[in-house]
Amino acid sequence: VLILEGFPPIIWAVVWYIMVADTPEKAWWMKPAERQYIVTQLALDEEKKQSTTGQDSARYRDVFRNPKVLTLIFAWFLYCAGFYGFTMWLPQVIANISQATPGIVGVLTAIPYLIGLVGMAVIAVRTDKHGLNKTSAALPLTIAAIALLIGQFFPSAVIQFIFLCIVAAGLYIHGAFFALPPLILRTDILALSLGLIGGIGNLGGFVGPYVVGWLIDLTGTPLAGFAIMAAALFVCGLALASVTPKA
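Cut-offs and rules
- Residues numbered from 1 in each chain as written.
- Predicted model: local features only at pLDDT ≥ 70, side-chain atom pairs only at ≥ 80, totals over all residues.
- Heavy atoms only, no water.
- Helix = DSSP H or I, 4+ residues; strand = E, 2+ residues; numbered from the N terminus.
- Buried < 20%, exposed > 50% of the residue type's maximum accessible area, 1.4 Å probe, protein only.
- Contact = heavy atoms within 4.5 Å.
- Areas by Shrake-Rupley, 256 points an atom, 1.4 Å probe, with all protein chains shown as cover.
- Lys, Arg positive; Asp, Glu negative; His and termini not counted.
- Charge placed at Lys NZ, Arg CZ, Asp CG, Glu CD.
- Core = buried A, V, L, I, M, F, W, Y, C linked by side-chain atoms within 4.5 Å.
- Axes fitted to C-alpha atoms, helices over the stretch in contact; angles between N-to-C directions.
- Parallel < 35°, antiparallel > 145°, perpendicular 65-115°, else oblique.
- Left-handed = near helix turned anticlockwise from the far one by under 90°.
- Nonpolar A, V, L, I, M, F, W, Y, C, P; charged D, E, K, R; others polar.
- Polar contact = N/O pair within 3.5 Å; in protein donor to acceptor, adjacent residues only side chain to side chain.
- Expected span 1.5 Å × (residues − 1).
- Bend = angle between axes of the 7 residues up to and from the residue.
- Phe/Tyr/Trp six-rings, centres within 6.5 Å; stacked < 30°, edge-to-face > 60°.

Draft legend 1. Highlighting the overall build of the protein. Along the protein, the regular secondary structure elements total 12 helices and zero strands. Split into buried and exposed, the 247 residues of the protein put 38% on the buried side. Residue pairs at least 24 apart in sequence account for 75% of intrachain contacts in the protein once pairs closer than 6 positions are excluded. When the accessible area of the protein is evaluated, it comes to approximately 14,100 Å², of which 72% is carbon and sulfur surface. Side chains of the protein carry 14 positive and 12 negative charges; the gap between the two charge centres is 7 Å.

Structure representation (structure tokens):
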């Protein structure tokens, strides 16, 4: 099984090496007119961005002083804390509320992920159709945060499971999140900023599950842990809305 799972990434690596170019000028599979159009549009976007975002520096110390970058790092940290706190403990929570066999728990655990797949597509299509705005990530994250909390107050396992599915539907905002940095940061600091956002923000992926597990052990119930995750997701949405330009 592991060998079969390893083959697709290897094949994709070859495709990536052949097809992906560093710049539009090097994209051999595009028509010259298409390449020139993209180059022109990128230059226009960069010129507009420089006139509206101020002069940012590519140096580490100055990037760390950039409030937009710090906000994005903070938001991604909170998102990873909530996201991984939810996904890591989802099987255990479903096992506790269903009291089912491991096989049934595995099937039930897959359902929120399938709904999350649909939610991810809906969020992406909505963002493409209406443009990136302050509600693109904040709205689904707020819905997920509310569902995390409300679901804990129902004794019915079915209702709790439905709310877990609602959480999953609003949780996958990766597309909306990573569409934001190119919109508010200049190209010359974008790569460095994305590295810092991912490198520091991903630490939330450790903190979130650890805190949730600690609170479950401490209180004997997932309520406190889910409340922390809900707060992290909600504040993440507010942080992203604060740096998203008005549509």
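Draft legend 2. Quick look at the nonpolar core. Within the largest apolar cluster, 53 residues are counted, with the highest numbers of intra-cluster contacts made by Leu72, Tyr79, Phe86, Leu148, Phe177, Leu233 and Leu240. Where this core is concerned, the elements lending two or more residues are α4 (67-98), α5 (102-130), α6 (135-150), α7 (157-171), α8 (174-178), α10 (187-201), α11 (204-219) and α12 (223-243). Among the elements that take part in this core, α4 stands out by supplying 13 residues, more than any other. The residues contacting Leu72, other than those within four sequence positions of it, are Phe177, Leu180, Pro181, Ile184, Leu185, Ile197, Leu240 and Val243.

Draft legend 3. Fine view of the packing of α4 against α11. The interhelical angle for the contact between α4 and α11, taken along N-to-C directions, is 50 degrees, at an axis separation of 7 Å. By the criterion of interaxial angle, the relationship of α4 to α11 is oblique. In the packing of α4 onto α11, the handedness of the crossing is right-handed. For the pair formed by α4 and α11, the contact residues are Phe77, Cys80, Ala81, Tyr84, Gly85, Met88 and Trp89 on the first element and Gly204, Gly205, Val207, Gly208, Pro209, Val212, Gly213 and Ile216 on the second. Among the residues forming the contact of α4 with α11, the class breakdown is 10 nonpolar, five polar and no charged.

Draft legend 4. Here's a closer look at the side chain of Thr87. Here Thr87 lies in helix α4. Within the structure, the side chain of Thr87 is placed 3.5 Å from the backbone oxygen of Tyr84, a separation counted as a polar contact. With residues near it in sequence (within four places) discarded, Thr87 still touches Tyr113 and Tyr172.

Draft legend 5. Structural context of α4. With 32 residues, α4 extends 45 Å from end C-alpha to end C-alpha; this agrees with the ideal 46 Å at 1.5 Å per step. Leu90 marks where α4 bends most, by close to 50 degrees; the proline Pro91 follows one to four residues later. Where α4 ends, the next residue or the one after it, Gln99, has phi of about 55 degrees, a positive value.

Draft legend 6. Structural detail: the packing of aromatic side chains. A full pass over the atoms with the stated rule returns 10 aromatic pairs. With centroids separated by 5.0 Å and ring planes inclined at 90 degrees, the aromatic side chains of Phe83 and Tyr84 adopt a geometry described as edge-to-face. On the basis of relative accessibility, which here comes to 9%, the residue Phe83 falls in the buried class. Given a relative accessible area of 32%, Tyr84 falls into the partly exposed group. Centroid distance Phe83 to Tyr172: 5.3 Å. Interplanar angle 85 degrees. Geometry classified as edge-to-face. Here Phe83, found in helix α4, pairs with Tyr172, found in the loop between α7 and α8; they are 89 residues apart in sequence, far enough to count as distant. Accessibility assignment for this pair places Phe83 and Tyr172 in one class, buried. In textbook terms, an aromatic cluster arises when at least three aromatic residues are bridged by ring pairs, as seen for Trp76, Tyr79, Phe83, Tyr84, Tyr172, Phe177 and Phe178.

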